[in-house]
Amino acid sequence: MAHQRRAVYALAALSAATFCYVTTEVLPIGLLTLIAPDLGRSRSEAGLLVTGYAVVVMIVALPLTRITRRVPRRPLLAGALGVFAAATTVSAFATSYEVLLAARLVSATTNGVFWAVVFPVAISMFPANIRGRIVARLSIGNALGPVLGVPLSTWLGGQAGWRAAFVAMAIFGFVTCVAVALLLPNVTPQQTAGDIGPMPDRHRFVVLLLATILAVTGAMGAFTYMTVFLLDVSGFAAASLGLLLFVQGSFGVAGTWAVGRVLDRFPLGVVLVLLGLLTAAMLGLYGVGASKALTIPLLAVAGMSFSSLIAGIQHRVMQVAPSTTDMASASLSVAFNFGLAAGSFIGAGLLATAGVRVIPLVGGLLTAAAIALLAGHELSRKRREHHTDRGTWAVRPTHGRDAEEPPVTSVRT
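All values reported here derive from a predicted model rather than from experimental measurement. Every chain's residues receive numbers from 1 upward, in the order its sequence appears when written. Where totals are concerned, whole chains, interfaces and linings use all residues; where local detail is concerned, this predicted model gives features only for residues with pLDDT of at least 70, and gives and counts side-chain atom pairs only at 80 or more. Excluded from the side-chain calculations are hydrogens and water; all other atoms, namely the structure's heavy atoms, are used.

Participant: An account of the overall build of the protein is requested, with residue identities and associated values reported.
Facilitator: For the protein, the helix and strand inventory stands at 15 helices and two strands. Relative to its 413 residues, the protein shows a buried fraction of 49%. When the accessible surface of the protein is totalled, it reaches about 18400 Å², and 68% of it is carbon and sulfur. Labels follow the DSSP assignment, with helices taken as runs of H or I lasting at least four residues and strands as runs of E lasting at least two, numbered in each case from the N terminus. Buried residues are those whose accessible area, probed at 1.4 Å on protein chains only, stays under 20% of the maximum for their type, while exposed residues exceed 50% and partly exposed ones sit between those limits. Every accessible area reported is derived by Shrake-Rupley at a probe size of 1.4 Å, with residue values counting cover from the shown protein chains alone.

Structure follows, in structure tokens:
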């Protein structure tokens with residue numbers, strides 16, 4: 001019983017750590033108008049504090065995860081959080097743009113390793129039959145970042161200056177670091193039950209990563225410019241944006257919690273259904289986004305399906321990981337950050353050329369392509385397996401014309 005309680009507390013500490021990382025990664029977005037003039041830089045240069053962070057994660061996630069594969073997980077996660085908190089502290093007191101950017105990039109180097117390790121460690125503390133539920137519970141921290149962490153940090157920055165927001169996240173990071181160091185079991189990767197996927201499959205893994213890139217690119221292209229869409233297409237007042245984004249984010253949290261109840265029984269089906277809901281919401285926003293009454297529920301469905309989808313994909317990745325789950329999770333982190341950067345880039349191009357209304361349309365087409373890729377691959381596999389089963393044929397060994405025929409023997413070709 002004491003062991004179970006400690007595992008639950010450790011899971012809560014890890015979920016808080018995911019909240020720290022998600023919030024801090026995108027923190028400059030809500031503080032751009034404060035950071036840029038304070039450090040004498042343009043808003044586009046301040047935006048590089050987010051873009052550069054994502055690029056570093058894409059570059060270092062896989063090699064650093066490979067280098068640290070034999071490091072015990074408790075000191076690795078606690079160390080990553082410690083470096084993250086220290087770098088965030090430096091960010092808070094940076095006297096120049098260059099120092100702030102450098103501190104952000106140092107924090108980014110720990111990001112890839114953290115996301116590669118945190119999910120395998122979490123599922124190793126619980127029975128194998130509830131891994132999907134544990135992934136979903138851990139993902140609550142991810143979902144809370146946009147709905148709670150970023151708005152509160154932006155509000156704090158507006159009240160006390162942008163540095164105060166970084167100080168708050170640094171303190172939270174240090175507290176989380178201590179909690180992880182005290183609560184996690186100290187095991188090596190070889191001792192971790194979540195180190196190897198239960199059904200390794202390289203082809204499924206690669207297809208899932210490609211589908212993730214398509215889905216994240218489509219979703220993040222729309223979400224990055226959702227406030228512009230709500231203002232210019234739906235006609236909402238600027239004062240209502242905070243409430244609308246809260247609706248989107250809160251449904252994401254609720255959906256992530258709910259999906260944990262079915263993820264273990266229907267791992268692929270959950271991913272496909274959530275992709276379908278996300279596609280329908282995106283295309284719906286394009287079609288009826290001018291209606292305020294219809295936009296609100298579509299926004300809620302989009303938030304719910306995307307946040308839940310991240311948990312579903314993470315769980316599926318660890319199921320079909322062709323090698324170790326930490327390397328698979330690192331690959332997923334790279335794919336996610338690539339999709340995030342690509343979505344923002346495509347959205348910016350569409351905003352400048354075709355207008356904001358078409359961004360959800362393109363996003364919906366990309367998520368639909370992700371469905372077609374995943375479902376098409378699974379159907380193709382089933383057809384091949386069916387063809388192989390039909391290839392079972394009977395061999396009747398004969399010993400001469402007058403010999404007695406032995407029983408039929410089935411041989412698989």
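Now that the structure has been shown, the text picks up again.
Participant: Tell me what's going on with the packing of helix α9 (residues 202-224) against helix α12 (residues 267-288), and back it up with residues and numbers.
Facilitator: Viewed as axis vectors pointing N to C, α9 and α12 meet at an angle of 35°, and their least axial separation amounts to 11 Å. Considering how the two elements wind past one another, α9 and α12 form a crossing that is left-handed. Facing A215, G218, A219, A222 and F223 of α9, the residues of α12 in contact are L275, L278 and M282. Gly is put with the polar residues, along with every residue not named as nonpolar or charged; the nonpolar set is Ala, Val, Leu, Ile, Met, Phe, Trp, Tyr, Cys and Pro, and the charged set is Asp, Glu, Lys and Arg. Across the contact of α9 with α12, the residue classes break down as seven nonpolar, one polar and no charged. Only the contacting stretch of a helix is used when fitting its axis, a line to C-alpha atoms as for every element, and angles between N-to-C directions run 0 to 180 degrees. By the definition used in this description, the sense in which the near helix is turned from the far one sets the handedness, with an anticlockwise turn below a right angle giving left-handed and a clockwise turn giving right-handed. Should any heavy atoms of two residues lie within 4.5 Å, those residues are counted as being in contact.

Participant: I'd like a description of the side chain of S15, backed by residues and values.
Facilitator: If you trace the backbone, S15 turns up in helix α1 (residues 2-25). Once residues within four sequence positions are removed from consideration, S15 is found in contact with R137, L138, I140 and G141.

Participant: Could you give an account of the side chain of T110, naming the residues involved and the relevant values?
Facilitator: With respect to the element layout, T110 can be found in helix α5 (residues 97-124). Residue T110 is classed as buried on the basis of its relative accessible area, which comes to 8%. Beyond its immediate chain neighbours, meaning those up to four positions away, T110 contacts Y21, A80, V83 and F84.

Participant: Please give an account of the environment of S333 that cites residues and values.
Facilitator: Considering the arrangement of structural elements, one finds S333 in helix α14 (residues 325-353). Overall, S333 belongs to the buried group, its relative accessible area being 8%. For S333, the residues in contact, after removing those within four places along its chain, are V57, N111, G112 and W115.

Participant: Which residues make up the nonpolar core, and what values do they have?
Facilitator: Grouping buried Ala, Val, Leu, Ile, Met, Phe, Trp, Tyr and Cys residues that are joined through side-chain atoms within 4.5 Å yields what is termed a nonpolar core. Of all hydrophobic cores here, the largest spans 55 residues; its most connected members are L14, Y21, I35, L77, V118 and L184. Elements represented by at least two residues in this core include exactly α1, α2 (27-38), α3 (43-67), α4 (73-92), α5, α6 (131-138), α8 (162-183) and α13 (292-320). The element best represented in this core is α5, accounting for twelve residues. Apart from the residues within four sequence positions on either side, I35 is in contact with P28, L49, L100, W162 and F166. L275, L299, L309 and I359 belong to the second-largest nonpolar core, a separate cluster that totals 48 residues.

Participant: Break down the environment of F205 for me, with residues and values.
Facilitator: Within the fold, F205 resides in helix α9. Counting along the chain gives 126 residues from F205 to S331, while the straight-line C-alpha distance between them is 9.9 Å. Setting aside anything within four residues of it in sequence, one finds F205 in contact with V317, V320, A321, P322, A328 and S331.

Participant: Please provide a residue-by-residue account of a nonpolar patch on the surface, values included.
Facilitator: In this scheme, patches are assembled from residues that exceed 30% relative accessible area and form no salt bridge. Like charges are connected within 9 Å, while nonpolar side chains (Val, Leu, Ile, Met, Phe, Trp, Tyr) are connected within 5 Å. The salt bridge criterion pairs a side-chain nitrogen of Lys or Arg with a carboxyl oxygen of Asp or Glu, the two atoms within 4 Å. A cluster of nonpolar residues, V206, L210 and L373, forms a patch on the protein surface that exposes about 220 Å² of accessible area. Checked against the element boundaries, L373 lands in helix α15 (residues 359-390).

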